[in-house]
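Each chain is listed here by its residues.
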Amino acid sequence: TVYITLAEELKEREEIDLAWEENTGLAQHTRLPKVFFKPDFLSNRIQQVTKEQSAKLYAMIAKAELLDSGEDGKFVSNPEHDATFGRVLHEFAITLGGGPDAEILVDAIMEVLMVVWGQHAVTRDGVGEALDWLLKVAPPLNTASVRQ
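Right, let's walk through the structure included here. Keep in mind it's a predicted model, so treat the numbers as computed, not measured.

Quick notes on the rules
Residues numbered from 1 in each chain as written. Predicted model: local features only at pLDDT ≥ 70, side-chain atom pairs only at ≥ 80, totals over all residues. Heavy atoms only, no water. Axes fitted to C-alpha atoms, helices over the stretch in contact; angles between N-to-C directions. Helix = DSSP H or I, 4+ residues; strand = E, 2+ residues; numbered from the N terminus. Left-handed = near helix turned anticlockwise from the far one by under 90°. Contact = heavy atoms within 4.5 Å. Nonpolar A, V, L, I, M, F, W, Y, C, P; charged D, E, K, R; others polar. Parallel < 35°, antiparallel > 145°, perpendicular 65-115°, else oblique. Core = buried A, V, L, I, M, F, W, Y, C linked by side-chain atoms within 4.5 Å. Buried < 20%, exposed > 50% of the residue type's maximum accessible area, 1.4 Å probe, protein only. Salt bridge = Lys/Arg side-chain N within 4 Å of Asp/Glu carboxyl O. Phe/Tyr/Trp six-rings, centres within 6.5 Å; stacked < 30°, edge-to-face > 60°.

### Things to note about the packing of helix α3 (residues 51–63) against helix α4 (residues 83–95)
- Contact geometry for α3 and α4: axes closest at 10 Å, N-to-C directions at 145 degrees. The chirality of how α3 crosses α4 is right-handed. For the pair α3 and α4, contact is made by Gln 53, Lys 56, Leu 57, Met 60 and Ile 61 and by Phe 85, Val 88, Leu 89, Glu 91, Phe 92 and Thr 95, respectively.
- Partitioned by chemical class, the residues of the contact of α3 with α4 number 7 nonpolar, 2 polar and 2 charged.

What follows is the structure, encoded as structure tokens:
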């Protein structure tokens, strides 16, 4: 069994830890840290976004004063409901050449920005680590030979 909890899931983390006192090595708990918006954040999460594009959008968001000055890499408002975010993303789509492909990429970017905003949105974080652990502790597969 693998449990993956996000930074804000304090109650869930505590419940898992309490239930885990007699862990026999058959369970793994991956505690994900908080997620912060940095210049390379988008390029690290979306294959189609280059490091330069990621840094450019970061600069555009910072220039629009959408980053909280008191906390490194947090937003001042919800990207989905802030018209300024919409304007910045539209301008960014234009730098990508516009068109349907740019709009699809901007939609993917919005999903990733919501991970930063919500700290509770579903992410891919921890999945690779969980799969690695499962493969390490899983019993070997019994394979039957079809040869006579």
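What follows continues from the structure just given.
### A word on unusual backbone geometry
- Of note, the phi angle at Glu 65 is positive, near 60 degrees, even though the residue is not glycine.
- With respect to the helices and strands, the residue Glu 65 is situated in the loop between α3 and α4.

### What to know about the packing of α4 against helix α5 (residues 99–118)
- As a packed pair, α4 and α5 sit with axes 10 Å apart at the nearest point and diverge in direction by 140 degrees. If you check the angle between α4 and α5, you find them oblique. The hand of the α4/α5 crossing is right-handed. Judged by residue contacts, Phe 85, Leu 89, Phe 92 and Ala 93 of α4 engage Ala 102, Glu 103, Val 106, Ile 109, Met 110 and Leu 113 from α5.
- Here the residues of the contact of α4 with α5 sort into 9 nonpolar, no polar and 1 charged.

### With respect to the nonpolar core
- Among the nonpolar cores identified, the biggest contains 28 residues, and Phe 37, Leu 42, Leu 57, Ile 61, Phe 75, Ile 109 and Leu 113 are the most heavily contacted of them.
- Mapped by element, the contributors of at least two residues to this core are α2 (41–45), α3, α4 and α5.
- Residues in contact with Leu 57, not counting those within four places in the same chain, are Leu 42, Val 88, Leu 89, Phe 92 and Ile 109.

### Quick look at the pattern of salt bridges
- The tally for this structure, following the rule as stated, stands at 2 salt bridges.
- Its salt-bridge partner being Lys 11, residue Glu 15 comes within 3.6 Å of it at the nearest N-O pair. Of the two residues, Glu 15 and Lys 11 are both situated in helix α1 (residues 10–19); the distance of 4 residues between them amounts to about one turn of the helix.
- For Lys 11, a relative accessible area of 59% gives the class exposed.
- A salt bridge links Arg 87 to Glu 91; the shortest N-O distance between them is 3.1 Å. Of this pair, Arg 87 and Glu 91 both sit in helix α4, separated by 4 residues, roughly a single helical turn.
- By relative accessible area, which is 34% here, Glu 91 ends up partly exposed.

### A look at the packing of aromatic side chains
- For the structure on display, the rule yields 4 aromatic pairs.
- Judged by centre distance (5.9 Å) and plane angle (70 degrees), the ring pair of Phe 37 and Phe 41 falls under edge-to-face.
- Of the residues examined, Phe 37 reaches a relative accessible area of 0% and is grouped as buried.
- Looking at Phe 41, the relative accessible area reads 7%, which means it is buried.
- For the ring pair Phe 75 and Phe 85, a centre distance of 5.1 Å and an interplane angle of 80 degrees mean the geometry is edge-to-face. A residue pair is termed long-range when its members are at least 10 positions apart, and Phe 75 in the loop between α3 and α4 and Phe 85 in helix α4 qualify at 10 residues.
- An aromatic cluster of at least three residues, connected via ring pairs, comprises Phe 37, Phe 41, Tyr 58, Phe 75 and Phe 85.

### Some words on the environment of Glu 9
- By secondary structure assignment, the location of Glu 9 is in the loop between β1 (2–5) and α1.
- You can call Glu 9 partly exposed: its relative accessible area is 24%.
- Along the backbone, Glu 9 and Arg 31 are 22 residues apart, and their C-alpha atoms lie at a distance of 9.3 Å.

On their own, these measurements won't tell you what the molecule is for.
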